[in-house]
Amino acid sequence: MTRLVRRIDRELGVTLPVRDMLAAPTLGEQTLLLSDAVAGSRRSVFTSGRQSD
């Protein structure tokens, strides 16, 4: 699991805690966890460049 989490970080630029991945007992739940993390990182990239009006 540690190797997987490191590869996700390296390939996708998304940091997932190992304990969160271990707490998701099925591949489907781990996939949802990763999807949410990727979507969250995209949101932060898109919103970080915006300035308030």
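Please read all numbers here as calculations on a predicted model, not as lab measurements.

Caption draft 1: Looking closely at the overall build of the protein chain. Looking only at helices and strands, one finds 3 helices and 0 strands in the protein chain. Ordering the α and β elements of the protein chain from the N terminus gives α-α-α. Here the protein chain holds 53 residues, and the buried ones make up 17% of them. Summed over all atoms, the accessible surface of the protein chain reaches about 4400 Å², with 53% contributed by carbon and sulfur.

Caption draft 2: Representation of the nonpolar core. Counting residues in hydrophobic clusters, the biggest one holds 7 residues: Val5, Ile8, Val14, Leu16, Met21, Ala37 and Val38. Those elements giving two or more residues to this core turn out to be helix H1 (2-12) and helix H3 (27-48). Ignoring sequence-local partners within four residues, the contact set of Val38 consists of Leu12 and Val14.

Cut-offs used in this document
- Residues numbered from 1 in each chain as written.
- Predicted model: local features only at pLDDT ≥ 70, side-chain atom pairs only at ≥ 80, totals over all residues.
- Heavy atoms only, no water.
- Helix = DSSP H or I, 4+ residues; strand = E, 2+ residues; numbered from the N terminus.
- Buried < 20%, exposed > 50% of the residue type's maximum accessible area, 1.4 Å probe, protein only.
- Areas by Shrake-Rupley, 256 points an atom, 1.4 Å probe, with all protein chains shown as cover.
- Core = buried A, V, L, I, M, F, W, Y, C linked by side-chain atoms within 4.5 Å.
- Contact = heavy atoms within 4.5 Å.

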